[in-house]
Amino acid sequence: MAISSTREVPVTGAIPTHVAIVMDGNGRWAHARLLPRTAGHAKGVQSVRRAVETCGAAGVKYLTLFAFSSENWRRPADEVSLLMRLFVQALEREVARLQDQGVRLHVVGDLSAFEPKLQDLIAQAEQKTQHNDQLHLTIAANYGGRWDILQATRALLAARPELVTNPNELDETCLAPYLSMAWAPEPDLFIRTGGEQRMSNFLIWQMAYTELYFTECYWPDFGETELLEAFEWYRTRERRFGRTSAQVHSLATS
Ligand code: FPP
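None of the values given here were measured: they were computed from a predicted structure. (Residues numbered from 1 in each chain as written. Predicted model: local features only at pLDDT ≥ 70, side-chain atom pairs only at ≥ 80, totals over all residues. Heavy atoms only, no water.)

Draft legend 1. Molecular detail of the packing of helix α3 (residues 77-100) against helix α4 (residues 116-128). At their nearest, the axes of α3 and α4 sit 10 Å apart, and the two run at 15 degrees to each other. Considered as vectors, α3 and α4 are oriented roughly parallel to each other. α4 is crossed by α3, and the crossing has left-handed handedness. Each of Met84, Phe87, Val88, Leu91, Glu92, Val95 and Gln99 in α3 lies in contact with α4, whose residues at this interface are Lys117, Leu118, Leu121, Ile122, Ala125 and Lys128. Residues of the contact of α3 with α4, tallied by class, amount to nine nonpolar, one polar and three charged. (Axes fitted to C-alpha atoms, helices over the stretch in contact; angles between N-to-C directions. Helix = DSSP H or I, 4+ residues; strand = E, 2+ residues; numbered from the N terminus. Parallel < 35°, antiparallel > 145°, perpendicular 65-115°, else oblique. Left-handed = near helix turned anticlockwise from the far one by under 90°. Contact = heavy atoms within 4.5 Å. Nonpolar A, V, L, I, M, F, W, Y, C, P; charged D, E, K, R; others polar.)

Draft legend 2. Geometry of the environment of His106. As for its position among the elements, His106 is in strand β3 (residues 103-108). Expressed as a C-alpha distance, the spacing of His106 and Glu126, which sit 20 residues apart in the sequence, is 5.8 Å. If we ignore the near neighbours within four places in the chain, the residues touching His106 are Glu126, His136, Leu137, Thr138, Ile139 and Trp183. A polar contact is formed between the side chain of His106 and the side chain of His136, at a distance of 2.8 Å. (Polar contact = N/O pair within 3.5 Å; in protein donor to acceptor, adjacent residues only side chain to side chain.)

Draft legend 3. Fine view of the pairing of β3. Burial within β3 is extensive, with five of its six residues counted as buried. When β3 meets strand β4 (residues 135-143), the two strands line up parallel, connected through six bridges. Bridge pairing in β4 links His106 to Thr138. (Buried < 20%, exposed > 50% of the residue type's maximum accessible area, 1.4 Å probe, protein only. Pairing = 2+ DSSP bridges.)

Draft legend 4. Fine view of the packing of aromatic side chains. For the structure on display, the rule yields 12 aromatic pairs. Ring geometry for Trp73 against Phe114: centres 6.0 Å apart, planes inclined by 45 degrees, an arrangement best described as tilted. Residue Trp73 is located in the loop between β2 (62-69) and α3, and its partner Phe114 is located in the loop between β3 and α4; the two are separated by 41 residues in the primary sequence. Each ring, one from Tyr143 and one from Trp147, has its centre 5.9 Å from the other, and the planes form 75 degrees; the classification is edge-to-face. Look at Tyr143 and you get buried, because its relative accessible area is 0%. (Phe/Tyr/Trp six-rings, centres within 6.5 Å; stacked < 30°, edge-to-face > 60°.)

Draft legend 5. Spotlight on the sheet that holds β2. Pairing in this open sheet of six strands is parallel, and the strands run β3-β4-β2-β1-β5-β6 from one edge to the other. In this open sheet, the two edge strands, each paired with only one partner strand, are β3 and β6 (211-214). Looking at each pair of strands side by side, their axes are set apart by 20 degrees on average, direction ignored. Summarising the sheet, strand β1 (residues 18-22) and strand β5 (residues 189-192) pair through four bridges and their orientation is parallel. Bridge pairing links Val22 to Arg192 in β5.

Draft legend 6. Region of the structure containing the site of the ligand. Among the 17 residues in the neighbourhood of the ligand, the closest are listed as Asp24, Gly27, Arg28, Arg37 and Arg75. In this structure, Arg37 approaches the ligand through a side-chain N or O atom, which is 2.8 Å from an oxygen atom. For the ligand, whose unbound accessible area comes to 630 Å², protein coverage reaches 90%. Contributions of two or more residues to the shell around the ligand are made by α1 (26-32), α2 (37-58) and α3. Considered class by class, the residues forming the shell around the ligand number seven nonpolar, five polar and five charged. (Near = heavy atom within 4 Å. Areas by Shrake-Rupley, 256 points an atom, 1.4 Å probe, with all protein chains shown as cover.)

Draft legend 7. Representation of the side chain of Asn132 within the structure. Within the secondary structure layout, Asn132 lies in the loop between α4 and β4. The exposure class of Asn132 is buried, given its relative accessible area of 15%. There is a polar contact of 2.7 Å between the side chain of Asn132 and the side chain of Gln99. Each residue touching Asn132, except ones within four places of it in the same chain, is listed here: Leu98, Gln99, Gly102, Val103 and Arg104.

Draft legend 8. Just unusual backbone geometry, in detail. Notably, Asn142 is not glycine yet its phi reads approximately 50 degrees, a positive angle. Of note, Asn142 is situated in strand β4. With a phi angle near 50 degrees, Ser200 is a residue other than glycine that sits in the positive phi range. Positionally, Ser200 belongs in the loop between β5 and β6. Given the relative accessible area of 29%, Ser200 is considered partly exposed.

Here's what the structure looks like:
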């Protein structure tokens, strides 16, 4: 099971092991060019490709992208269906490239809301790439952090109904295995493009001690240079996990 940053101090390096990204600004990128919002999402797929390549080359082991939130169903119907089409296309076209790059694909979220064809493609892509371990690429689709905590709680109580009458036995180690990314370490670096500074119900349980990086750059313009800048910023962070700076320094020099 992955280490919990609130229970023990994880070992961290100069390059983040796990990067989580909110790919924001597609609509504004398109608007600035008098294009429909959907053109921004289509362009955004190219940035996804670049991010996968850059992370793989830099030695990042887990890249998690927020493609569609539980709240994105509130968008206009044509935009939602374009996003679904892009997702289907990407799964049909990109799996061979992921195989060549040694990338293992995972999709997390409430997939029951998706059309059966999309659910099948997801299952096939996950199965085809299951032996790769260069980079774990996780797409969060119809995902919400609160949904994740609730589905984990339901699954835990179904497995261990005695916890209802013994609530003091419930601690985070009980819940952690049921979270949808239980197999991955907690994100080291969160990146949000597009100028907004919020987490938007992304991996809210898992990001208790994640470093937060915000950039004005719109997602379709976010390429290798911009991602390496974020890694450089991350390298300068002092990750204290509740300790004092003096404690961190004395450990580094001992
Ligand atoms: C946010 O920008 C972006 C999204 C809700 C969707 C992101 C999807 C992609 C990058 C393409 C598909 C991805 C995969 C993995 C196939 P926004 O629309 O909120 O932009 P705005 O804030 O400028 O309006």
